[in-house]
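The residues making up each chain are set out below.
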Amino acid sequence: MVDGREMEADKAAAIHEVREIFLKLKKALKQISLYRHNVDRYPEYLEGVHSAMADFLDRKGILELRVEAMAYKYKGVVVFEDDSRENNLIYPFWSHGLRLFIFKPGLSPDELLRFVMLCLTSGEDKAKRNEDVITRLWKCEFEAIEYIVVEAFKAVPDDDPEEVEVAVEKVVAYLYRQLQSNSKDYLRFARISLEDLELELNNVDQIRGAVVQGVTATEADRQRVATSLETESDRTMSKLVTVLFQLLELDTTTENFEDVADAFVQLLDALLIGEKFQSIAHIRKRFAVSMNKPKLRPETRELIEQARDRFMTRMGDGQRLQTLAQILNQGIVKDPEGIREYLMALGGEAVPPLVEVLETLELLPNRRLISDILAELGSDQVDLFKSRLAHPSSNLVKDMLYVIDKIDPPEKYQIFSHVLGHPNAILRLETLSLIGRHDNEQCFDIIKTTLLQHEDAQMRSQAARCLPNFTIERSVPVLLDAVRPERLEGLEEPERKALFTALGQTQSKETQGYLFGILDSKSGLFNRRKMDDLKMLAIFALEANPSMPSLAKLADVAKDQKRNSKEVCESARAAVIQMQARIVGGR
């Protein structure tokens, strides 16, 4: 009797302890919800939960939680409830058949955090990724968290719901015992026959104490099996291709042609989903071999040609190109050359749908792969690429610029100038910078027009920064015209600095003389502030491209306190120090 009371007391204490753990979890979840943006502090919020759970697991061995629609149960008692309709932490698991969670010793803070974040984001991710929570659990590869899922359990109308529930609970318990093992490869031992299951449901106690044994599969064993399966799959596919071509060459008639041609299309779909692009290329070449066999009857050769044309047409239709887009969005492609050969075989007609595919791609290497293919296939379709330069997606516009640059039409930079009116300011600036890197008459005209006429100060400043890339004969007259006093009057400080930085970087006799002349000027009574501002800009310009003459001039300015204000002298002195360090460092 005493033993029974002690067992009940231990059970009650354990239940109370688990409830306390989930109370801590509730508080942590509230903190995470309040500070959702502060991801780095999530481990701190869960620290108390992990400490309590780790202590419990070290003493008790495992923590089994039964999953109900709105609650977790421990030893038949509810320890955590969530009856909210939105963002429910329990119902998504229950609705997908999960009936038992098992937490084991060794649970790390990171693993607990990943489990909690999976609970919090399951509904949202399902909508975004189209993955159920069981798939996400499997992908997490938890080491100290196990679970049991009951799938496809169906009750007929005559079944008593309570009896069905009891049966399911027995199945769950039995599966858990069958899955227990000290090895990480425990799933290998869960070979359950129908007879075993019937025995368990009829009389649970009959097989209690049975030991499940097995030999753990090594990593080499698993690798060997995977390689064997892949080799067998390739061998089977090769045989299927051979059989289909033999059927096409020997037994195909007008009556059964549709069946044979459709079989090739189905084979194409299977290979495309399996990313077997080399096999698809092999089939295309095999069509050419079959058509050129000398002993073929003319009508058979015609049917083979029709089958090939249908195969090629299906390769380039929208549905299959979208499948290709899904493959490209899954990660960096394993066989870029295979994809290139696949798409190049489609010819120029594939360019418009490929541009549509490009719009959906996210990974830069894969976008670049498709862009390179577009540049080859669409060398005569520049107008199509030009028409997409006004697209709202900056990524697509950059891809189109890349494609046009590779094709290199005579009016390339005039086409680029269309982007200078794009709503995206960053894209405008990047495109202007791209144009400004090329020292030719066409690019210079665009930069000059932008500097003198564009309504956006940022664009004018960017154009000024580009001018030193051109020859002195081109850039200096434009810069000297842009810094005339009457033009400087209406400009903001950043644009003035951009103009004077460009002046300093040209290092021509004209620009150096202009800047030295400003520093030699004496301020009048009424224009002292304007002259000081101009001198500060001249110092800024000389500092942009250090030289010994500039260093000597700035040293004189720093000493001449009669001609210059205290602010100008201090600015010149700081510029001298910076310039000396850069000149000595450059040597």
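It should be emphasised that the depicted structure is a prediction, and the values quoted were computed from it without experimental measurement. (Residues numbered from 1 in each chain as written. Predicted model: local features only at pLDDT ≥ 70, side-chain atom pairs only at ≥ 80, totals over all residues. Heavy atoms only, no water.)

### Observations concerning a positive patch on the surface
Here is the rule we go by: Only residues whose relative accessible area exceeds 30% and that take part in no salt bridge are eligible for patches, with like-charged residues grouped when within 9 Å of each other and nonpolar side chains (Val, Leu, Ile, Met, Phe, Trp, Tyr) grouped when within 5 Å. Residue-level accessible areas treat just the shown protein chains as cover; the underlying method is Shrake-Rupley with a 1.4 Å probe. By definition, a salt bridge exists where a carboxyl oxygen of Asp or Glu is found within 4 Å of a side-chain nitrogen of Lys or Arg. The charge count treats Lys and Arg as positive and Asp and Glu as negative. His and the chain ends do not count. To locate a charge, take atom NZ for lysine, CZ for arginine, CG for aspartate or CD for glutamate. Burial classes: relative accessible area under 20% of the type maximum marks a residue as buried, over 50% as exposed, and values in between as partly exposed (1.4 Å probe, protein chains only).
A cluster of basic residues, Lys24, Lys26, Lys27 and Lys30, forms a positive patch on the protein surface. In this structure lysine 30 comes out as exposed when scored by relative accessible area, which is 61%.

### Overview of the nonpolar core
Let me state the cut-off plainly: Nonpolar cores were defined as sets of buried Ala, Val, Leu, Ile, Met, Phe, Trp, Tyr and Cys residues, with membership established by side-chain atoms within 4.5 Å. In this description a helix means any DSSP run of H or I spanning at least four residues, a strand means any run of E spanning at least two, and both kinds are numbered starting from the N terminus. Between two residues, a contact is recorded if the distance between any of their heavy atoms is within 4.5 Å.
Residues Leu343 and Leu374 are the most contacted members of the largest nonpolar core, which totals 106 residues. No other element matches the eight residues that helix α10 (residues 257–273) contributes to this core. In this structure leucine 343 touches Leu321, Leu324, Leu354, Ile370, Ile373 and Leu377, once residues within four positions along its chain are discounted. Counting residues in each nonpolar core, the second largest holds 44 residues, with Phe22, Tyr72, Phe80 and Leu120 among its members.

### Considerations on the side chain of glutamate 495
Mapped onto the elements of the fold, glutamate 495 is located in helix α25 (residues 493–506). Residue glutamate 495 is classed as buried on the basis of its relative accessible area, which comes to 5%. Every residue in contact with glutamate 495, bar those within four places of it in the chain, is listed here: Ala457, Arg460 and Ser461.

### Here's the deal with helix α21 (residues 441–453)
What counts, and what does not: Helix span, as expected, comes to 1.5 Å for every residue beyond the first. The arc refers to the directions leading from the helix axis to the C-beta atoms. Whenever two N or O atoms come within 3.5 Å, that pair is a polar contact, provided that in protein one can donate a hydrogen and the other can accept it, and provided that, for residues adjacent in sequence, both atoms are side-chain atoms.
Taking 1.5 Å per residue, 13 residues should reach 18 Å; α21 reaches 18 Å between its end C-alpha atoms and fits that length. Burial in α21 covers these residues: Cys443, Phe444, Ile446, Ile447, Thr450 and Leu451. Buried residues of α21 fall within an arc of 160° about the axis and therefore sit on the same side. The elements touched by buried residues of α21 are α19 (412–416), α20 (425–436), α22 (457–466), α23 (472–482) and α25. Near the N-terminus of α21, the side chain that reaches the backbone nitrogen of glutamine 442, with its oxygen 3.1 Å away, is that of asparagine 440.

### A few points about the pattern of salt bridges
When their charged atoms lie close together, side chains carrying opposite charge are able to pair. Applying the stated criterion across every chain yields a total of 35 salt bridges. For arginine 320, the salt bridge is made with aspartate 317, and the minimal N-O distance between the two is 2.5 Å. The class for arginine 320 is buried, based on a relative accessible area of 8%. One salt bridge in this structure joins lysine 553 and aspartate 520, with 2.4 Å as the shortest N-O distance.

### Topic: the sheet that holds strand β3 (residues 77–81)
Strand pairing in a sheet relies on backbone hydrogen bonds, with the paired strands running either antiparallel or parallel. Spelled out, the test is: Strand pairing is assigned whenever DSSP identifies at least 2 bridges connecting the two strands. Each axis is a line fitted through C-alpha atoms, and for a helix only the stretch in contact is used; angles between axes span 0 to 180 degrees, taken between their N-to-C directions.
Within the open sheet, the five strands sit side by side as β3-β2-β1-β4-β5. Their pairing is antiparallel. The open sheet has two free edges, formed respectively by β3 and β5 (145–149), since each of these has just one partner strand. The mean angle between the axes of side-by-side strands here comes to 25°, regardless of whether they run parallel or antiparallel. Where strand β4 (residues 98–103) and β5 come together, five bridges link them in antiparallel fashion. Within β5, the residue paired with leucine 98 across the bridge is valine 149.

### Things to note about α23
Within the span of α23, buried status applies to Ser475, Val476, Val478, Leu479 and Ala482. At its buried positions, α23 is contacted by α21, α24 (485–488), α25 and α26 (509–520).

### Thoughts on the packing of α20 against α22
Stated precisely, the cut-off is as follows: Relative orientations are named as follows: roughly parallel for angles under 35 degrees, roughly antiparallel for angles over 145 degrees, roughly perpendicular for angles from 65 to 115 degrees, and oblique for any other angle. Here is the rule for handedness: rotate from the far helix to the near one, and if that takes an anticlockwise turn smaller than a right angle the crossing is left-handed, while a clockwise turn gives right-handed.
The N-to-C vectors of α20 and α22 enclose an angle of 20°; their axes lie 9 Å apart at closest approach. Comparing their axes, α22 and α20 come out roughly parallel. Crossing hand, α20 versus α22: right-handed. Of the residues in α22, those in contact with Arg428, Leu429, Leu432, Ser433 and Gly436 of α20 are Gln458, Met459, Gln462, Ala463 and Cys466.

### Some details on the confidence of the model for the protein
Put simply, the rule is: One confidence number per residue, pLDDT, is output by the predictor and ranges from 0 to 100.
Looking at the protein, the pLDDT average stands at 80 and 81% of residues meet or exceed 70. Throughout residues 183–215 the model reports pLDDT below 50, and contacts reaching past four residues in sequence, or to other chains, amount to 42 contacts.

### Overview of the packing of α26 against helix α28 (residues 548–559)
Here is the rule: Lys, Arg, Asp and Glu make up the charged group, whereas Ala, Val, Leu, Ile, Met, Phe, Trp, Tyr, Cys and Pro make up the nonpolar group; the residues left over, Gly among them, are polar.
Running from N to C, α26 and α28 cross one another at 10°; their axes reach a closest spacing of 11 Å. Between α26 and α28, the crossing angle belongs to the class labelled roughly parallel. The residues of α28 that touch α26, namely those facing Gln512, Phe516, Leu519 and Asp520, are Pro549, Ser550, Lys553, Leu554 and Val557. Residues that form the contact of α26 with α28 fall into these classes: five nonpolar, two polar and two charged.

### Some words on the pairing of strand β2 (residues 71–74)
Both strand β1 (residues 63–67) and β2 contribute to a ladder of two bridges, which runs antiparallel. For arginine 66, the partnering residue across the bridge sits in β2 and is lysine 73. Between β1 and β2, which pair antiparallel one after the other, the connecting turn spans three residues. Of the strand pairs in this sheet, β2 and β3 are connected by four bridges, and their pairing is antiparallel. Bridging from a neighbouring strand, tyrosine 72 pairs with phenylalanine 80 of β3.

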